[in-house]
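Here is what each chain is made of, one letter per residue.
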Amino acid sequence: MSGILDWSFMSQVLSDYTFQIVALGTVVLGIATGVVGSFATLRRESLMGDALSHAALPGIGLAFILIQVKITPLLLLGALVTGLIAIFLIQLFTNKLPVKLDGSMALILSSFFGLGLVFLTAIQGQENANQAGLSSFVFGQASAMLRSDVRMIILVSAIILLVIALCWYPFKLITFDQQYAQSIYPNIKWYNFTMALLIVAAIMIGLESVGVILMSALLVGPSIAARQWTDRLLPLVILAGVFGAVSSFIGTYISSTAGRIPTGPAIVVVLSLILFASLFIAPKNGLISQTLRRRKQQRKIKREVADR
């Protein structure tokens, strides 16, 4: 550990070109997922990210079966298509059938993930299975990130943040008061669809670096941690982006210096530490501050009773 924290060693790692590429990609990804995940968490749709990330797997497998070669943009396009199909089915089940939202998302998650595993199993039986490298989409492989991958992450993340900035007020309304938002925006379903599409886009660019299994943690974790520090939307969104960026950078650094620790799990572990620390020490909603306020209130009540 002392070697990892040694300044000369740190400067050597930070100046490494591969580390800079991977760190830039994961940090930008952490910002985008932290920001867009804040709205899903506040709308109590945390399972949406998990469902859509698992729904992307059959799209990746089917795209490889069709083109028979690993071309990452085309595989991610397949993930986008199945993600959009998952959104449509979730909304269909919720609006047209007696199925609640959480039940619809759980159904889509398990069904699409099972279908994706079937496709991956079929690919393993092909002669060109060694070309697929599709396990990186399941478990993540950020160390293999290229400049082209980073450019795509930056471009898609910039679009996500721009759309959120332009649609800030409608997104804010549908997050806290869906009925009031519908009275102002008759086409409110398109804003809901746009928000779901942004989540799919964030998942799409993070699949190869973090993986299907851990992608939901990067979407939900930063916003839950930020929620402990503030009750206002704008500071929460900004803080979630910061937490996503910090955990991504530290996780990438640990992965680059501590042997064979994969980057995706390292990022999630750091994010979990930030989350648990926020749950305990945050001055706004942390467990320690809540306990202290409760005890203070109890002492105040006892004094008032004693003075009577």
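Calculation criteria
Residues numbered from 1 in each chain as written. Predicted model: local features only at pLDDT ≥ 70, side-chain atom pairs only at ≥ 80, totals over all residues. Heavy atoms only, no water. UniProt positions renumbered as here; feature names shortened; annotations may be inferred. Helix = DSSP H or I, 4+ residues; strand = E, 2+ residues; numbered from the N terminus. Buried < 20%, exposed > 50% of the residue type's maximum accessible area, 1.4 Å probe, protein only. Contact = heavy atoms within 4.5 Å. Areas by Shrake-Rupley, 256 points an atom, 1.4 Å probe, with all protein chains shown as cover. Phe/Tyr/Trp six-rings, centres within 6.5 Å; stacked < 30°, edge-to-face > 60°.

- As recorded by an unreviewed UniProt entry, the chain carries the name ABC transporter domain-containing protein and is attributed to Alloiococcus otitis ATCC 51267.
- Entered under Subcellular location (unreviewed entry) in the UniProt record, the comment concerning the chain runs "Cell membrane".
- What UniProt states about the chain under its Sequence similarities (unreviewed entry) heading is, verbatim, "Belongs to the ABC-3 integral membrane protein family."

Examining the overall build of the chain
Right, on to step 1. For the chain, the count of helices and strands is 16 helices and zero strands.
Right, on to step 2. The buried share of the chain, reckoned over its 308 residues, is 47%.
Right, on to step 3. Across the chain, every contact between residues at least 6 apart in sequence was considered, and the portion connecting residues at least 24 apart equals 73%.
Right, on to step 4. For the chain, the exposed area adds up to about 15800 Å²; of that, 66% sits on carbon and sulfur atoms.

A look at the packing of aromatic side chains
Right, on to step 1. Within this structure, the stated rule accounts for four aromatic pairs.
Right, on to step 2. Ring centres of F39 and W168 lie 5.8 Å apart, and the angle between their planes is 80 degrees; on these two criteria the pair is classed as edge-to-face. Of this pair, F39 sits in helix α3 (residues 17–42) while W168 sits in helix α10 (residues 168–176); the two residues are 129 residues apart in sequence, bridging distant segments of the chain.
Right, on to step 3. Judged by its relative accessible area of 22%, W168 is partly exposed.
Right, on to step 4. Ring centres of F171 and Y191 lie 6.4 Å apart, and the angle between their planes is 90 degrees; this geometry places the pair in the edge-to-face category. On the criterion of sequence distance, the pair formed by F171 in helix α10 and Y191 in helix α12 (residues 188–210) is long-range, its members being 20 residues apart. Note on accessibility: F171 and Y191 belong to one class, buried.
Right, on to step 5. Through pairs of rings, three or more aromatic residues link up here, namely F39, W168, F171 and Y191.

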